[in-house]
Amino acid sequence: DCGGRRTMDAQYLQDNVGPALTAGLASVAAVQPDDPVDYLAHWLLKYLAVQDKKDKAAAAQELIKKEKEAAEAADAAKVTAKEERFFKLKKALEEVAATTSFNQMYDVMVKTAREQSNSDNVYLMLLEQTPPPEGQEEDPEPEQEPVEAPPEPEEGEEPAPMPEPEKLDPWLPKFTTLRVVTANEDNKWMVGKTVQAPAYGKETVSFATVHAKELTFLPNVMVSEPPITFFDMPMPGSFAAQPVLKGEDEKYKAGGVLGLLCVDTVCGESTATLSDEDKELLLEMGRVAGSTFERLMAEKKARKAAEDEVVAKMLEALVIPEEQEVAEEDEVEALEGKLAACDTALIGEVKKVFKEHTPPQPVGEYGRSLAELSGWDGTPSGRVAAMVYALVQEEATCTPEDLEGKIQSLDIKTLKEETLAAAAAALNPEGADPVSKETEGLEFPAQLCMGLLEAINMLKDTSLKIQKIRQEEEEARIAEEERIKKEEEEAAAAAAAAEAAPAE
């Protein structure tokens, strides 16, 4: 259709040529040059140049706008990523701070470091004192300076409190070992592996970190000094170790080294190196772990004080009432009455303490139990456990439930002298240092066991005396029965003989 075509051409010209041509013709009309066609041609060329500059300027502005928007979006993404990392780190540190036991704290630290860092391998090593090599000796542990007692108060005055001795700077034994106690899942095989102190003959980065008490951060271990080796082999990768520091205790100031949280990328699947963000993570982990350790130690101290109070009250209650004291003239019935009363008052109360505080299995995270007795081999508490097994005539392999049943059913009236002797021998074998209720370091259940033994020892003489009297009575009764039986038999035989004799 020719008409439609012309309309489209006209519209095209109007849209693309019309504005420039209209403006150019207006300029021609205004200037009225001698050669209007030449003027218009030059004007259009100039118009094109100006329009080109405008287009380029607009394009440049658009590019600037887009670049600005992209930069703002990138900055926003960085802020978002940083905020996300901050909140993830905050949550992870809160998890560490909320732990309620040392082992839980160690596991959470390893889990968090693995999830939040570029490391492939995460493990926690704890510092422990170990025996020196043959022919060498450990340096003596420093002692606190004794303090002078305050002067005696004047009459009517309150006595001054005993001053506390000045606390010492943390002491690090010369012969120590770092032992891996937990690791991320792929490195559980490392648990139990050790790194020895320089006193054993070799300098290590791990112990350099222990002595410096500062983060060691090596993005490239191949240039470290001293050189880092893994199982005596140099391997490329990153390595960092953050000391976990102790709080103060009764003797030492804060700052002693508990152990090291270590991360590395050696032999891992990733090719990433440890970053500044990883460094920040480790520093924060060390800070939070230190404060958490101090809290857990305070809680442990409080639990120990509560246990000591239970033991003290139990031992204080082990007193024979004056009216139940045994007298030389007491008849056996009186002895039995007094023994029964004391059995209830002394041994019965100890059994109640056992039932309340040491059930067969632990209740709650820190519950103590009879199940612990089987794990004390080679310690004074282990000898106490052996004593209890001998006392109830049970094997050490018995279940805690069976042991509880034997303890609760223990009867002072039937305890034999040989059983008591076997228990005493198990507690204090010949040549061994004696163990008593005053022995330092006894586990809480072992202290209760010693309370049970104390109560038994207070009543055993009466019990054995009663058993001896009753045994003598039983032997006399049997002898009398045998005498009567013999006399009856002799009388019957005589009667039979007389009956059978021929009459005179």
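See the structure printed just above.
Residues numbered from 1 in each chain as written. Predicted model: local features only at pLDDT ≥ 70, side-chain atom pairs only at ≥ 80, totals over all residues. Heavy atoms only, no water.

Moving on to unusual backbone geometry. Notably, lysine 213 is not glycine yet its phi reads approximately 60°, a positive angle. Within the secondary structure layout, lysine 213 lies in the loop between helix 5 (205–212) and strand 4 (216–218). Backbone geometry places glutamine 393, a non-glycine residue, at a positive phi of 55°. Relative to the elements of secondary structure, glutamine 393 occurs in the loop between helix 8 (380–391) and helix 9 (400–408). Among the residues examined, glutamine 393 registers a relative accessible area of 59% and is labelled exposed. (Helix = DSSP H or I, 4+ residues; strand = E, 2+ residues; numbered from the N terminus. Buried < 20%, exposed > 50% of the residue type's maximum accessible area, 1.4 Å probe, protein only.)

On to a nonpolar patch on the surface. On the surface, a nonpolar cluster with roughly 450 Å² of combined accessible area is contributed by Tyr12, Leu13, Val17, Leu21 and Leu25. Of all the elements in the fold, those that place two or more residues in the nonpolar patch are helix 1 (2–16) and helix 2 (18–31). Topologically, leucine 13 is positioned in helix 1. (Patch = residues over 30% accessible without salt bridge, like charges linked within 9 Å, V, L, I, M, F, W, Y side chains within 5 Å. Areas by Shrake-Rupley, 256 points an atom, 1.4 Å probe, with all protein chains shown as cover. Salt bridge = Lys/Arg side-chain N within 4 Å of Asp/Glu carboxyl O.)

We now examine the pattern of salt bridges. Summed over all chains, the structure comprises 28 salt bridges. Notably, a salt bridge pairs lysine 338 with aspartate 330, separated by 2.7 Å at the nearest N-O pair. Comparing lysine 338 with aspartate 330, the two get one shared label, buried. Among the salt bridges present, the one from lysine 406 reaches glutamate 394, with a minimum N-O distance of 3.0 Å. Remark: glutamate 394 occurs in the loop between helix 8 and helix 9 and lysine 406 occurs in helix 9; sequence separation between them is 12 residues. Judged by its relative accessible area of 22%, glutamate 394 is partly exposed. Three or more residues are tied together by salt bridges with common partners; here these are Glu307, Arg368, Glu372 and Glu443.

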